[in-house]
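Listed here are the chains, written in short residue letters.
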Amino acid sequence: AALAYAVLALGGWVSLTIVGMMLKIIPFLVWYRIYSPRAGRAPVPTLAQLGWPASEALAYALLTGGVAALAAALAVGDARLIGAAGVVLAAGALCFAAAVARVGDCAMSDAAQHQEYDAQKVEREVEQENSVEVRAAETLLDGPVQNVEPRPARRERCPDGCRRHAAGAAQLHG
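The paragraphs below set out a description of the structure included in this document. These figures come from a predicted structure and were not determined experimentally. The numbering scheme is per chain: residues are counted from 1 as the chain's sequence reads. Residues qualify for local features only when their pLDDT is at least 70, as the model is predicted, and side-chain atom pairs are given and counted only at 80 or more; totals for whole chains, interfaces and linings, by contrast, use all residues. For the side-chain quantities, the full set of heavy atoms in the structure was used; hydrogens and water were omitted.

1. Observations concerning the packing of helix α1 (residues 2-35) against helix α3 (residues 53-76)
And then number 1: Fitting a line to C-alpha atoms yields each axis, with helices limited to the stretch in contact; the angle taken between N-to-C directions then spans 0 to 180 degrees. A run of DSSP states H or I qualifies as a helix once it reaches four residues; a run of E qualifies as a strand once it reaches two. Both are numbered from the N-terminal end. Following both chains from N to C, one finds α1 and α3 inclined at 170°, their axes separated by 8 Å at the closest point. Classed by the angle they form, the pair α1 and α3 counts as roughly antiparallel. Contact with α1, carried on its side by Leu3, Ala4, Val7, Leu8, Gly11, Gly12, Leu16, Val19 and Leu23, involves Glu56, Leu63, Thr64, Val67, Leu70, Ala71, Leu74 and Ala75 of α3 and no other residues of that element.
And then number 2: Classifying every residue of the contact of α1 with α3 by side-chain character gives 13 nonpolar, three polar and one charged. Should an angle fall under 35 degrees it is taken as roughly parallel, and over 145 as roughly antiparallel, whereas 65 to 115 is taken as roughly perpendicular and any remaining angle as oblique. By the convention used here, residues are in contact when the closest approach between their heavy atoms is within 4.5 Å. In this classification, the charged set is Asp, Glu, Lys and Arg, the nonpolar set is Ala, Val, Leu, Ile, Met, Phe, Trp, Tyr, Cys and Pro, and all remaining amino acids, among them Gly, are polar.

2. Comments concerning the environment of Trp31
And then number 1: In this structure, Trp31 sits in helix α1.
And then number 2: Through-space distance from the C-alpha of Trp31 to that of Leu50 is 8.0 Å; in sequence the pair is 19 residues apart.
And then number 3: Two N or O atoms form a polar contact when they lie within 3.5 Å of each other; inside protein one atom must be a possible hydrogen donor and the other a possible acceptor, and for residues adjacent in sequence the pair counts only when both atoms belong to side chains. Polar side-chain contacts of Trp31 include one of 2.7 Å to the backbone oxygen of Pro45.

3. Section: α1
And then number 1: With 34 residues, α1 should reach 50 Å at 1.5 Å per residue; the first-to-last C-alpha distance of 47 Å fits that figure.
And then number 2: Along α1, the positions that sit buried rather than exposed are Ala4, Val7, Gly11, Gly12, Val19, Leu23, Pro27, Val30, Trp31 and Tyr35. Each residue after the first adds 1.5 Å to the expected span of a helix. Accessible area is worked out with a 1.4 Å probe on protein chains only. A residue is then buried under 20% of its type maximum, exposed over 50%, and partly exposed in between.

4. Regarding α3
And then number 1: The end-to-end C-alpha distance of α3, which contains 24 residues, comes to 34 Å, matching closely the 34 Å that a straight helix rising 1.5 Å per residue would cover.
And then number 2: Looking at the residues trailing α3, positive phi occurs at Gly77, about 90°.

5. Some details on the environment of Val19
And then number 1: Note on placement: Val19 falls in helix α1.
And then number 2: Given the relative accessible area of 17%, Val19 is considered buried.
And then number 3: Separated by 74 residues in sequence, Val19 and Ala93 have C-alpha atoms that sit 9.3 Å apart.

6. A short note on the side chain of Glu56
And then number 1: Position of Glu56 among the secondary structure elements: in helix α3.
And then number 2: Charge assignment: positive for Lys and Arg, negative for Asp and Glu; neither His nor the chain ends contribute. For this analysis, a salt bridge means a side-chain nitrogen from Lys or Arg found within 4 Å of a carboxyl oxygen belonging to Asp or Glu. This buried residue, Glu56, is left without a salt bridge; Lys24 holds the nearest opposite charge, at 5.1 Å.
And then number 3: The residues touching Glu56, leaving out its near neighbours within four places in the chain, are Leu23, Gly51 and Ala99.

So this is what it looks like as structure tokens:
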């Protein structure tokens, strides 16, 4: 009976508290890191849109049921029931992992889109900068400039830690 109480205390209260907090904290941290710099300037998902409520609910139900079943099986002492409770707990752990992985997948796919958009934006800005320089040279020389090699963009790190092209990289976020 003491082992059943230990399973209920550690497996039930402590583990479910940790799982519940992680299902709230991980989406918040991902949103804060990936989306908060763009909030107000571009559409960003809400915290609820980052989660997967069906998987979270299933994980909670399976983990809660698995802990209760494991405590009951330990109180009875039947090895088959203990194994069955372990399978239910493992299924709950897989649902939890799927819910967390979904948040990570949202972050990775959106970060890739964000970087691709920024790379295209930088290319356009470099092209505009080079064309302005060529026009200025043509004005100074009173004629067309030939064989001008465009200046390559310089890579530097912006305050958010992303790698961006061109000078003034901190102004490229948008």
